[in-house]
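Okay, here's what each chain looks like letter by letter:
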Amino acid sequence: MIRIECPWCGLRSESEFTCGGQSHIVRPENPAEVSDEIWAEYLYQRENPRGLHRERWRHTYGCRQWFNVIRDTVTHEILAVYHMTDSAPEVSGGRE
Amino acid sequence: MNQTIRRLPHARIEADSTVEFFFDGRRYTGKKGDSLASALLANGVGVVGRSFKLHRPRGILGCGTEEPNALVQLESGEYTEPNVRATLIPLYPGLVAKGQNAWPSVRFDLLGAVGLCKRLLPASFYYKTFMWPNWRSWEWLVRRIAGLGTAPQAADAERYVKQNIHADVVVVGAGRSGLEAALEAARDPAKRVLLIDSQEEPGGRLLGSPVPEERSWLANALSEVAQRDNITLLCRTTVNGYYDNNVLAALERRSNHLGPRSGNAFRECFWRVFAGRVILATGAIERPLVFPNNDRPGIMLASAVREYTHRYGLTLAREIVFYTNNDSAWQVALELHRVGVKVDAIIDIRGAVDSALVEGARDAGINHYLGTRVINTKGRSGIRRLKIQRAPADGDPSVQSVESLPCELLAISGGWTPTLHLYSQSGGKLQYRESDACLIPDCNNQNISVVGRAAGEFRGELNLQCQWLTPDVPPENQWVDFQYDVTAADIQLAARENFVSVEHVKRYTTNGMSVDQGKTSNVNGLGILALATDREIPAVGTTRFRPPFHPTTIGAYAGIELGALYKPVHLLPAHKAHLTCGASFDDYGSWQRPVCYPKPGEAEAAAIAREAVAVREAVGLLDYSPLGKLEVVGPDARAFLDRVYINNMVSLKHGAARYGLMLNEAGIVIDDGVVVCLAEDHFLLHTTSGGAAVIHRHLDEWLQCEWTDLQVVVNNCTTQWATMMLSGPKARDVLQQLDCDIDLSRESFGHMQYREGHLLGQRCRILRASFTGEVSFEVSVPARYGQSLWKILMQRGANMGITPFGIEALMLLRTEKGYLHIGADTDGNTMPQDLGWGGAIARKAGDFIGSRSLSLPVGLDADRLQFTGLELLDPKGQTISGAHILSADERTTNGYVTSAVHSPNLNRTVALGIVAGAAQRQGEEVTVFYDGLRQRARLVSPCAYDPEGNALNG
Ligand SMILES: [Zn+2]
């Protein structure tokens, strides 16, 4: 079990959160105009790194807000927490 | 031997106490401070269990969690617990225990005869022998002879609790190294230190020390721990699990030492420990030596002999012999001599031993045999004689000599295994240290350190000479895993049959799979496998340890979340009124809702049919409060909803309602419901009952993660409103009986309209939508008035035949009308074009969630399962949801029935389903298959009742 620093509520137990998977997925601007391949990639293709992973979490049993984290999938260490609308910060450590 | 042994004066028991207990039906007495094991030994009880497979008599081998033999069934009825180590049960007055795996008792076990045909039960006997004709024909026999303890039949009468605890430093084990580490860490007053120990009292091996200096060191250390404000000591607490981010799971035994009915609120506490840093001071477990008939009662680990002698003050036998391959057992023998316990001999496989030890033994009058092996043991219910063989002198085999020695207790030591289960669970890797033939910590990702014997620091050299099994004598009766009867020969057999992976060998032979998880057998098994496959130990590898370290009571995992506290129960605001009306309840989603309202003596099916007829003919009243109600507010609310639903929400007028279908981004239908425009920037969304939380989350995710520029707030108001649905031709008449400032007339309040106003002086929201096909008013009032509204409507409607109806009648009515129920009539592949909404999608101009996915090749497939009605050709025919629609050649499924009811209004079965290409196949005949029965049916429009919709506009 890990503990996560909610940007609104502070350090809380993982059991209060829901992981929403990979973050920074860009929705095609004009869905009607993209090819089936691009749309399918947007829908289903996800990274599965051994190391740093940028993903979104929701503080479900708290403020219900979504936010981004950078997590090391090997150690589960959380290296950064940032807002949904922020771009991913540079982090050191982990093993990308 | 049934007389109680007199205790040595330095024992840590209360010498003048008397504690009565019962084992296998006999009464015994022990002392306060005893364990069940020490009390049994004090009473001369040598045989305490039978082995799992062969039912060989077994005695106490160890003194703690490593014990493989002395497993007992503790207490009975709702307090019983199987497979409890006698070594870990503190004696309490009136304790009742029973030996296991034997009938009628461990002393006279009739199944012990199995031991005679051991050759028929080699390793893997489950896999080989019982395969013919199949496992089931043998199962009864195996279950009978191979069970360990008996699983309790009654619910556990004890209560359990769970708690969290946080600490900067957690030290596991309060032996010498653990106490040192905890005191060191606590020097910084800002650090919270948690010291956890699994024994009845802290001290570890020091509790079994006869050395006065060590005893006083322990007393001083414990008083210092007590004085430190920043040290918390958790005794009787076993750390069983080590997880990511230094989270530990520990089980505290709060009242086990007092026995059942102790009056304590909780028997055990399950601790979730959150640690900054963890220091493992978990000690080491002594290994048995492997030699012929090494499983006889009276053969005991040297460390256990030490503990029983000094901690419990027992003189275990008259003729005590030690057998070892390292120095530690010599120390134990000399300590015994110092407190006046006679040791007859020390047998050591090593040809040369440290001269100080040899001289010490000589001075103590202990015979010693160097370069000597035990090659057999004799005795019926316990060891009586040893056969020993001196190694060939100068390599000349002819000068081997064999001797026989009397022996009542054989203390054995084959070296030490650091207790690294938790270290391994935490992700730590182990390395093999040749000199001590043991695995020690290597590296770890977590913030963890290992100290003392767990790290392989044995405080003095062991000078060990490795001997994994006794060479030159048959391996068949050299036991490795005492509990599961695994011998050296079994491991060699596995190797011969080409099992080379240590994980495979473990499962094939069951070595280390017993309830002790191989605490005494794993490393010996590893050594024998290495020899058999001609590899070094590091090349063989080790099995990874998994939680729990020690079996954990299931009740402790559950804590207080049992029975009524298992999960929250949602009761309707008018729950009591439904009880008064005679409702039968069931769980729907998280809600307890009325199924129906049976009259006295009326069957549920009859009640449901009666209620459904009443709605069509007069008026029914349904508590519709769980209907999901989400409010969407903000300047961009309308634009947002237009992207959320496949339907056009741009043209929805104030006070009007519109049906909407909601998709996920993959184009799959996830919800439907009626959307109401309350104001230009304020909308009310109705979701499927029970779906409100999920849909709320779905909408929130889009707003927070994708369309962050939209100014919209979504709130779930489901439980703030109680909603009563009046439905039927007389619905309006009933509602008009009540004082209401809304014009309810047909002309001004039509179908799919919404009004706000006051009912009996309170705020109300009234929606005209229909899930029954009849004129319906869904009346919402603040939840606290729900019960009053129900009662008043029942009263005022009495003369119009108002009938309360439950969720099952509602489902029947909507099935008659062919109204879709998301999740019942749709599955995880259903797209809107499968529900007849293809035209609406084509007309919608803008983008919406899931829109692009509908035109992926999968969405255009002509054989998609599509929503349809099914009319059985036999007017008396019946079917059931889940029945299959067969393909023309009857080789595959072509769809299935999703809803099926017997319609009391049409007097025939009405069914809905999803069938391949159904939209293009209307009128076609198909075969419905269920439970061997084939029926012909026709694909028809889903709406079976009142297809013109006349009732709705009444
Ligand atoms: Zn939060």
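Residues numbered from 1 in each chain as written. Chains lettered and ligands numbered in written order. Predicted model: local features only at pLDDT ≥ 70, side-chain atom pairs only at ≥ 80, totals over all residues. Heavy atoms only, no water.

### Comments concerning unusual backbone geometry
All names here are of chain B.
- Geometrically, the link from P547 to P548 is a cis peptide bond, its omega value of -5° lying close to zero.
- When you line up the elements, P548 lands in the loop between α13 (537-540) and α14 (554-558).
- With a phi close to 50°, N246 is a non-glycine residue in the positive phi region.
- Mapped onto the secondary structure, N246 falls in the loop between β11 (237-243) and β12 (247-253).
- The residue T510 is not glycine, and still its phi comes out positive at about 65°.
- Structurally, the position occupied by T510 is in the loop between α11 (502-509) and α12 (522-532).
- On the basis of relative accessibility, which here comes to 15%, the residue T510 falls in the buried class. (Helix = DSSP H or I, 4+ residues; strand = E, 2+ residues; numbered from the N terminus. Buried < 20%, exposed > 50% of the residue type's maximum accessible area, 1.4 Å probe, protein only.)

### Let's talk about the interface of chain A and chain B
- Every contact between the two is made by 26 residues of chain A and, on the other side, 30 residues of chain B.
- Between chain A and chain B, a total of about 2400 Å² is buried, with carbon and sulfur atoms accounting for 50% of that surface.
- Counting the contacts that link chain A with chain B gives four salt bridges.
- Salt-bridge contacts for E701 of chain B lead to R56 of chain A; the nearest nitrogen and oxygen are separated by 2.6 Å.
- The interface formed by chain A and chain B includes twelve residue pairs in polar contact (both at pLDDT 80 or more).
- Counting only elements with at least two residues in the side of chain A that touches chain B, the list comes to α1 (36-44) and β4 (52-58) of chain A. (Contact = heavy atoms within 4.5 Å. Buried area = accessible area lost by both parts, 1.4 Å probe. Salt bridge = Lys/Arg side-chain N within 4 Å of Asp/Glu carboxyl O. Polar contact = N/O pair within 3.5 Å; in protein donor to acceptor, adjacent residues only side chain to side chain.)

### Some details on the coordination of the zinc ion
All names here are of chain A.
- Within the protein, the atoms that donate to the zinc ion are C6 (SG), C9 (SG), H59 (ND1) and C63 (SG), at distances of 2.0 to 2.3 Å.
- Counting the intervening residues between successive donors of the zinc ion yields the motif C-x2-C-x49-H-x3-C. Of this pair, C6 sits in strand β1 (residues 3-6) while C63 sits in the loop between β4 and β5 (66-72), and the two are 57 residues apart along the sequence.
- Taking the relative accessible area as the measure of exposure, C63 reaches 23% and is therefore partly exposed. (Donors = N, O, S within 2.8 Å, 3.2 Å for Na, K, Ca; no water.)

### Quick notes on a positive patch on the surface
- Together, R50 of chain A together with K429, R544 and R546 of chain B line one region of the surface with positive charge.
- Residue position: R546 of chain B is located in the loop between α13 and α14. (Patch = residues over 30% accessible without salt bridge, like charges linked within 9 Å, V, L, I, M, F, W, Y side chains within 5 Å. Areas by Shrake-Rupley, 256 points an atom, 1.4 Å probe, with all protein chains shown as cover. Lys, Arg positive; Asp, Glu negative; His and termini not counted. Charge placed at Lys NZ, Arg CZ, Asp CG, Glu CD.)

### Points about the nonpolar core
Residues and elements named next belong to chain B.
- Among the nonpolar cores identified, the biggest contains 77 residues, and L36, Y308, F322, L386 and L410 are the most heavily contacted of them.
- Apart from residues no more than four positions distant in its own chain, Y308 is found in contact with A37, S38, L41, I60, G62, C63, T87, M300, G313, L314 and L316.
- Within the second largest apolar cluster, 32 residues are counted, among which are W416, Y484, L526 and A530. (Core = buried A, V, L, I, M, F, W, Y, C linked by side-chain atoms within 4.5 Å.)

### As for helix α4 (residues 176-185) of chain B
Residue and element names in this part refer to chain B.
- Across the ten residues of α4, seven count as buried, placing the element largely inside the fold.
- Where α4 is concerned, the buried positions are S177, G178, L179, A181, A182, L183 and A185.
- Contacts made by the buried residues of α4 are with β8 (160-172), β9 (193-196), α5 (212-227), β10 (231-234) and β13 (268-280).

### Some thoughts on the pattern of salt bridges
Residue and element names in this part refer to chain B.
- Tallied over the entire structure, the rule returns 46 salt bridges over all chains.
- The residue R58 makes a salt bridge to D485 at a minimum N-O spacing of 2.9 Å. A residue pair is termed long-range when its members are at least 10 positions apart, and R58 in strand β4 (residues 57-58) and D485 in the loop between β27 (479-481) and β28 (486-487) qualify at 427 residues. Grouping residues by exposure puts R58 and D485 together as buried.
- A salt bridge links E680 to R638; the nearest nitrogen and oxygen atoms lie 3.0 Å apart. Taken together, the residues span a long stretch of sequence, with E680 in the loop between β35 (669-679) and β36 (682-687) and R638 in helix α17 (residues 637-644) at a distance of 42 residues.
- Looking at E680, the relative accessible area reads 56%, which means it is exposed.
- Salt bridges sharing common partners tie together R56, R58, D295 and D485.

### Re the sheet that holds strand β19 (residues 372-378) of chain B
Residue and element names in this part refer to chain B.
- In spatial order, the strands read β19-β20-β21; together these three strands make up an open sheet with antiparallel pairing. The sheet is open, and its two edges are formed by β19 and β21 (402-406), each paired on a single side. Each strand axis lies, on average, 30° off the axis of its neighbour in the sheet, ignoring direction.
- Pairing of strand β20 (residues 385-390) with β21, which is carried by five bridges, proceeds in the antiparallel orientation. The residue of β21 that forms the bridge with L386 is L405. (Pairing = 2+ DSSP bridges. Axes fitted to C-alpha atoms, helices over the stretch in contact; angles between N-to-C directions.)

### Section: the sheet that holds strand β5 (residues 71-74) of chain B
All names here are of chain B.
- Taken in spatial order, the five strands make up an open sheet running β2-β1-β7-β5-β6, and their pairing is mixed. Here the strands that pair on one side only, and so sit at the sheet edges, are β2 (26-32) and β6 (81-85). Taking each pair of neighbouring strands and ignoring which way they run, the sheet shows an average axis angle of 45°.
- One ladder, built from three bridges, connects β5 with strand β7 (residues 95-99); its direction is antiparallel. If you follow V72 over to β7, its bridge partner there is G99.

### Observations regarding helix α10 (residues 488-496) of chain B
- Within α10 of chain B, seven of the nine residues are buried, which leaves the element mostly enclosed by the surrounding structure.
- Here α10 of chain B has its buried residues at A488, A489, D490, I491, L493, A494 and A495 of chain B.

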